[in-house]
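Letter by letter, the chains look like this.
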Amino acid sequence: MIREEQTTIGFHVWGAEKLSEEKLTVLRLDNDGITYAMAVTEEGYLLHVYYGKRCGDDDLTYLLHLDEGNYTPQHHNRERMGFMDSRPFEYPCHGIGDFREPCFMILDGDGMSACDLRYKNHRIVSGKPELKQKGVSCIPATFAKEDEAETLIITMEDEHAGLTAELSYTIFRDRNVITRAVKVYNRGYGDVRLQRVLSACVELPGMDYEMITLNGNWARECAVSRVPLHAGKQLTDSLRGVSSAQHNPFMALCTPGTDEEHGEVYAFHLVYSGNFLAEAEVTGGKQTRTVIGINPYDFSWLLRPEEEFQTPEAVLVYSEEGLGGMSRTFHDLYRSHLIRSYWKDRERPILINNWEATYFNFDQDKLYAIAEEASKLGIEMLVMDDGWFGCRNFDDNSLGDWVVNEEKLKGGLKPLTDRINALGMKFGIWFEPEMVSDNSELYRAHPEWAIQIIGRDLTQARAQYVLDYSNAEVRDYVYGMLTNILNSANIEYVKWDMNRALTEVGSTSLPRKRQRELWHRYVLGVYDLMNRLTTDYPKLLLENCSSGGGRFDPAMLYFSPQIWASDDTDAIERLKIQYGTSYCYPVSAMGAHVSDCPNHLLGRTTPFDTRGDVALVGTFGYELDVTRIPAEDRAKIPGQVAKYHRFHKLMSDGDQYRLGNLFKDNTYDAWMFVAKDKSEALLTYVQVLGKPSEPAKRLYLRGLDADRKYFCEETGQTLSGKTLAACGIDVGLRGDFVSKTFYFKAEEA
Ligand code: GLA
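Every value quoted in this text rests on a predicted model; they were computed, and no experiment measured them.

Engineer: Before we move on, could you go through the site of the ligand and cite the residues and values that matter?
Structural biologist: The environment of the ligand is formed by 13 residues, the closest being Asp-385, Asp-386, Arg-462, Lys-495 and Asp-567. In the model, an oxygen atom of the ligand is placed 2.6 Å from a nitrogen or oxygen of the Asp-385 side chain. Within the side chain of Asp-567, an N or O atom sits 2.6 Å from an oxygen atom of the ligand. Protein contacts shield 96% of the accessible area of the ligand, which totals 310 Å² for the unbound molecule.

In structure tokens form, the structure reads like this:
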């Protein structure tokens, strides 16, 4: 899969008659679907040759066009600046003649920022080494067994600065995926500041691409934006300290006309939960440079001699089957090579969460009443949300005081969990471990533990501050409180929330020289605690949340198999949110609940069945007071529960096909899940707006086996996969906001 070859390339020198020659070392990663090729020049520059669909075993270095440009006789007869500013570099450095977006920039002991990483050597290892950095307990990344992937590690060196950088490239045996990361060592005698250490750069030929990003806001996460590239730089990023609801750490470039089935897509996703940057630059030479990594804005990391720095991992997915192909590759990769949880392939308990049911206004009896009714309907777990601790009757106090409020829950958690367990239900709990309220015992005792700049006013958001997770003492203290609670009763699920962005980013525990490291050290601190939690409680079901989907990123998936996708539980708004989220995340990771109507956020009323069908495309649960909803809605819950049990495996393990796109046509949405062996499929249609005097909506099915016949339970028809794809089925319904599912079973071969 990974190999090294030597080649010699001839090139013309401006004004010279003779052809010049140069020896190149080619490093090439191939599997059945993709090829990634690089070349090392005689001076040690690492050039990008090709990335995309699998090509033949030919010498690809002609793609470098070394003879282009305005050369004057010099080393290799190259005019250095012309060369540096036009060649496709694998890991471009700042300050040596490449004026496009760099990946690497330093500040050395002399105050200089230029750097020049050159190839030293490389090694190939089977499998995928873990990402590690001394002093850091856990860096989330994809994983693979020895026979599932191969990794190329290229060592680059900047002799002047005394730095080496190891660029690692993993190719998965049977997935169109390359993962990349960079590790920098200070091998010199002086301190160096890393000002910019991105995870990957890929140069794509030409500029005829469209850029797709996932953007939004609170309650409107993952809206798809798609625009043609223009000259210059275009980017998506976060400066909030979290990956953010505003922009997901994802960017894809696709060829014009790409749809769900056709077209080439080059997707980039960063396994990171903090400030990120993903950028495409259309250069003067009409090529496209893409970069992704930790956002260099306000980033600086002091690297003392013998210290090392490991970047987060960038996941590169290539698809020649459009956006659908891209998404299915991400889903498969994340389900089998990123999510670690005990629960990743297990059926998750159907939960009922009391947030929209009670907000802060509950006690043991109220929760028990909800659980008792829910258990009769087949719901399997009660999740007690915000409001059970300190004196939390509103959102302006007590974060950080993780002790049970005995006015609400007399005798602590055990009496309640015992009663819930006696109903045959599991019990889960909400925490917001990274926060401290202004009005809290913890803040009064340790004001220095909040992220702050001494002497400046602290910005409050929801009357709370962010704890300084770069400080191990803070983490240990919080962890002690969490484990006290977790050990006090039978708690099988935790919802880990995070409800504000970082401001006045300073630490009372870091030295002056390391203050700008806080953004990243904070994220590493969060990883440390999530790692401890999931290691110490291996069967705990952890669900991440950040005011909904504000930290829905691949790094969080490493710890928690599911993430609450949005505080917007309106079924119709959810269609768009879940559509965008499905670009890179599998439905098994998407927290989705049926809530009460009129919807608390929008005031919209939708049929209970539609709410069920939409929540089914996710981890499925309820977020309502089941004792108070209309009796006819309550009566539908057992049917929805049965539907989840019946189709959960098909949906969580199968291939997803999107058949609608509300961003283009706001009248309907539709999607399918097809079993990997194509033996069954479930189609869901949601009619957002009914239309008079129009033929019924026709949907053309995808992903079925063309040669097999499928019986559809709802229509009673048996049709071949070929016919269902070519002629489709008519699914029109009467009304707005209505939905219907269609189950297809293949006849035995
Ligand atoms: C955030 C979460 C909600 C809920 C509240 C509780 O907004 O996204 O689901 O847990 O906090 O305060």
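Engineer: With reference to specific residues and values, describe the packing of aromatic side chains.
Structural biologist: Summed over all chains, the structure comprises 37 aromatic pairs. On the basis of an interplanar angle of 85° and a centroid distance of 5.5 Å, the ring pair of Trp-388 and Phe-431 is categorised as edge-to-face. Taken together, the positions of Trp-388 in the loop between β22 (381–384) and α5 (413–422) and Phe-431 in strand β23 (residues 426–431) put the pair 43 residues apart, joining distant regions of the chain. Considered together, Trp-388 and Phe-431 belong to a single accessibility category, that of buried residues. A ring pair is formed by Tyr-579 and Tyr-583, whose centres lie 5.6 Å apart and whose planes are at 50°; its orientation type is tilted. On the basis of relative accessible area, Tyr-579 is assigned to the buried category, the value being 6%. Every member of this aromatic cluster is reached through a ring pair, and the members are Tyr-36, Tyr-51, Tyr-169, Tyr-209, Tyr-266 and Tyr-318. When the ring centre of Tyr-368 is taken as origin, the NZ or CZ atom of Arg-419, which lies over that ring, is 3.8 Å away.

Engineer: A description of the sheet that holds strand β39 (residues 738–746) should follow, citing residues and the corresponding values.
Structural biologist: The six strands lie next to each other as β32-β33-β34-β39-β36-β37, forming an open sheet whose pairing is antiparallel. Each edge of the sheet is formed by a strand with only one pairing partner; in this case those strands are β32 (655–658) and β37 (718–720). Taken pair by pair, the neighbouring strands of this sheet meet at an average axis angle of 25°, ignoring direction. Direction of pairing for β32 relative to strand β33 (residues 668–674): antiparallel, over a ladder of four bridges. Looking at the pairing, Gln-656 lines up with Phe-673 of β33. The strands touched by helix α11 (residues 608–615) within the sheet are β33, β34 (680–687) and β39, with β39 carrying the most contacts at an inclination of about 50°.

Engineer: Quick rundown of the sheet that holds β22? Include the residues and the values.
Structural biologist: The strands that make up a sheet are held in pairs by hydrogen bonds between backbone atoms, and each pair lies either parallel or antiparallel. What the nine strands build is an open sheet, ordered β29-β28-β27-β26-β23-β22-β21-β31-β30; its pairing is parallel. At either margin of the open sheet sits one strand with a lone partner, and together these are β29 (590–591) and β30 (593–595). Across two bridges, the pairing between strand β27 (residues 541–544) and strand β28 (residues 562–564) is parallel. Note that in β28 the partner of Glu-543 across the bridge is Gln-562. Sheet contacts for α5: β22 and β23; angle to β23, the most-contacted strand, approximately 140°.

Engineer: Run through helix α2 (residues 322–337), naming residues and quoting values.
Structural biologist: The terminal C-alpha atoms of α2 lie 22 Å apart, and with 16 residues this matches the ideal 22 Å at 1.5 Å per residue to within 8%. Across the 16 residues of α2, 15 count as buried, placing the element largely inside the fold.

Engineer: Break down the nonpolar core for me, with residues and values.
Structural biologist: Grouped together as the largest cluster of nonpolar side chains are 202 residues, with contacts concentrated most on Phe-104, Trp-388 and Tyr-622. Excluding residues that lie within four positions of it along the chain, Trp-388 makes contacts with Phe-362, Trp-402, Val-403, Val-404, Asn-405, Leu-409, Ile-429, Trp-430, Phe-431 and Ile-485. Leu-659, Tyr-668, Leu-704 and Val-731 belong to the second largest nonpolar core, which has 20 residues in total.

Engineer: Go over the pattern of salt bridges with me, naming the residues and quoting the values.
Structural biologist: If you walk through the whole model with that rule in mind, you get 56 salt bridges. Arg-180 is paired through a salt bridge with Glu-90; the nearest N and O atoms lie 3.2 Å apart. Taken together, the residues Arg-180 in strand β9 (residues 177–186) and Glu-90 in the loop between α1 (80–84) and β5 (104–107) connect sequence positions 90 residues apart. Across the pair, Glu-90 and Arg-180 agree in class, each one buried. Residues joined in a network through salt bridges with shared partners are Arg-3, Glu-5, Arg-28, Asp-30, Arg-54 and Asp-57.

Rules of the game
- Residues numbered from 1 in each chain as written.
- Predicted model: local features only at pLDDT ≥ 70, side-chain atom pairs only at ≥ 80, totals over all residues.
- Heavy atoms only, no water.
- Near = heavy atom within 4 Å.
- Polar contact = N/O pair within 3.5 Å; in protein donor to acceptor, adjacent residues only side chain to side chain.
- Areas by Shrake-Rupley, 256 points an atom, 1.4 Å probe, with all protein chains shown as cover.
- Phe/Tyr/Trp six-rings, centres within 6.5 Å; stacked < 30°, edge-to-face > 60°.
- Helix = DSSP H or I, 4+ residues; strand = E, 2+ residues; numbered from the N terminus.
- Buried < 20%, exposed > 50% of the residue type's maximum accessible area, 1.4 Å probe, protein only.
- Lys NZ or Arg CZ within 6 Å of the ring centre and 35° of its normal.
- Pairing = 2+ DSSP bridges.
- Axes fitted to C-alpha atoms, helices over the stretch in contact; angles between N-to-C directions.
- Contact = heavy atoms within 4.5 Å.
- Expected span 1.5 Å × (residues − 1).
- Core = buried A, V, L, I, M, F, W, Y, C linked by side-chain atoms within 4.5 Å.
- Salt bridge = Lys/Arg side-chain N within 4 Å of Asp/Glu carboxyl O.

By themselves, these are just geometric observations and shouldn't be taken as functional.
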